[in-house]
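# Tertiary structure, described
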Amino acid sequence: MPRVIMHVDMDAFFAAVELQKRPDLAGQPLVVGGRGDPSQRGVVSTATYEARVFGIHSGMPLRTAARLCPEAVFLPVDFAAYRAASERIHARLRAVSERMQSVGLDEAYLDISHRPEDAMAIGAELKRVIHAETGLVASVGVGPNRLLAKIASDLEKPDGLTRLTTEDVPHRVWPLPVRTLHGVGPRTAERLATLGIDTIGDLAAMTLARLETVFSPRHARSLHRAAHGEDERPVETERVRKSIGRERTFQQDCRSSGRLDFEARRMLDDVHGRLASRYLKARTVTVKLRYRDFTTHTRSLSLSQPTDAIEPLAEAVQQCLFAHQLHRAVRLLGVQLSGLTSDPDQPEPPQ
Ligand code: TTP
Ligand code: MG
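So, a few notes on the structure that sits alongside this text. (Residues numbered from 1 in each chain as written. Chains lettered and ligands numbered in written order. Predicted model: local features only at pLDDT ≥ 70, side-chain atom pairs only at ≥ 80, totals over all residues. Heavy atoms only, no water.)

Moving on to the coordination of the magnesium ion (ligand 2). Asp9 (OD), Met10 (O) and Asp106 (OD) make up the full set of protein donors to the magnesium ion (ligand 2), lying at 2.0 to 2.2 Å. Geometry at the magnesium ion (ligand 2) is octahedral, judged from its 6 donor atoms and the angles of 82 to 175 degrees they form at the metal. Summarised as a motif, the one-chain spacing of the donors to the magnesium ion (ligand 2) is D-M-x95-D. With a gap of 97 residues between them, Asp9 in strand 1 (residues 5-10) and Asp106 in the loop between strand 5 (100-102) and strand 6 (107-111) connect regions that are remote in the sequence. (Donors = N, O, S within 2.8 Å, 3.2 Å for Na, K, Ca; no water. Tetrahedral: all angles 85-135°; square planar, octahedral: opposite > 155°, others 65-115°. Helix = DSSP H or I, 4+ residues; strand = E, 2+ residues; numbered from the N terminus.)

What follows is the structure, given as structure tokens:
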């Protein structure tokens, strides 16, 4: 099944966060780096687009930046502020798809393969909510894989919303410098230059056999594939939530197995509602009982495959429950679902 991947990258991230703190500086060339003092050692972390027209870029000594643009405003880095902004942005992204991979403070991939028709609308909406939430501007790229999504997000920066398909590769990707490709660092670029390769198109025109004379077979193949816009790396989701559960301490110890059964089902209904509203499936059911003497026992059961149907989960809850000693007085009952996976066939949860 063809994939649809989105790459989100904030524009001039550190500088944009600084502008939220100092709106009076809007429109001026702004450089963030080191202690914010170009007479001291330190390099540029980032600069606003107004400062970039002077040739200022990340990694350049602050001193050089001041020479290129003496009227630029210099500010020190404030990581706490960037982390706080980053967390708010990531929360917005996660609300769009559980299949979100964060790659640093200002960048993330989303797998939205289950909503292929809506990709550009989702991108536009994401840009809108991020701006509403943080005042910051994002560039969004959409493509059939991570490689093309990332190239796309960069193509029309700042404030871009760009889609690249495999058919676009020859006219939109091949003219770009080979350094644009993931995995092509300065050393690889240098070795490619010795083969006369400067653009991605040059690389695409090179046979695999020729590349293998310079690189290991594996590296050669990955370069060759990348030049043709191919990339199979998955969006690697961090497991946002490992389990969903509920516990209840009874006002009076419960001695009735029928009542426990009833309460466990009610709790499962609640937990299952939370599972379904996130479009997740669960594989493992755990039932916890705490007896009057505070000894606590858990019983778990794993299904053969994850499910979001309530009946198999309810049956598993019941089996766990009956594996417990139900004749004793029970103080606390807990029901938990774990082994959670997102269901790629479902639409996204409501926002
Ligand atoms: P980038 O996304 O590379 O740059 P950016 O967000 O400032 O600008 P744009 O994406 O619009 O081109 O990096 C994100 C942040 O990471 C950047 O704001 C500052 C920090 N950073 C450094 O501290 N040093 C660096 O060399 C780079 C490239 C980035
Ligand atoms: Mg950025």
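From this point, the discussion proceeds with the structure in view.
Now for the sheet that holds strand 1. The 5 strands are arranged 5-6-1-7-8 in an open sheet whose pairing can be described as mixed. Looking along the sheet, the strands with just one partner apiece sit at the ends: strand 5 and strand 8 (161-163). Adjacent strand axes in the sheet meet at a mean angle of 15 degrees, parallel and antiparallel pairs treated alike. Two elements, strand 7 (residues 138-143) and strand 8, share 3 bridges in a ladder whose sense is parallel. (Pairing = 2+ DSSP bridges. Axes fitted to C-alpha atoms, helices over the stretch in contact; angles between N-to-C directions.)

Moving on, we come to unusual backbone geometry. Keep in mind that most residues, glycine aside, have a negative phi and that most peptide bonds are trans. In this structure, the amide linkage connecting Lys157 to the following residue, Pro158, adopts the cis form with an omega of -10 degrees. Residue placement: Pro158 occurs in the loop between helix 6 (146-155) and strand 8. Backbone geometry places Ala12, a non-glycine residue, at a positive phi of 40 degrees. With a relative accessible area of 9%, Ala12 lands in the buried category. Residue Asp159 is not a glycine yet carries a positive backbone phi of 60 degrees. (Buried < 20%, exposed > 50% of the residue type's maximum accessible area, 1.4 Å probe, protein only.)

The next thing to look at is a nonpolar patch on the surface. Taken together, Val53, Phe54 and Leu68 make up a surface patch of nonpolar side chains, about 270 Å² in accessible area. Looking at where Phe54 falls in the secondary structure, it is placed in the loop between helix 2 (49-52) and helix 3 (62-68). (Patch = residues over 30% accessible without salt bridge, like charges linked within 9 Å, V, L, I, M, F, W, Y side chains within 5 Å. Areas by Shrake-Rupley, 256 points an atom, 1.4 Å probe, with all protein chains shown as cover. Salt bridge = Lys/Arg side-chain N within 4 Å of Asp/Glu carboxyl O.)

Counting buried positions over the 5 residues of strand 6 gives 5, a clear majority of the element. Where burial is concerned, the two faces of strand 6 agree: the one with Glu107, Tyr109 and Asp111 and the one with Ala108 and Leu110 are both buried. Pairing of strand 1 with strand 6 involves 5 bridges; the strand directions are antiparallel. Along strand 6, the bridge assignment pairs Asp9 with Glu107. Connecting the antiparallel pair strand 5 and strand 6 is a turn made up of 4 residues, with Gly104 showing a positive phi of about 95 degrees.

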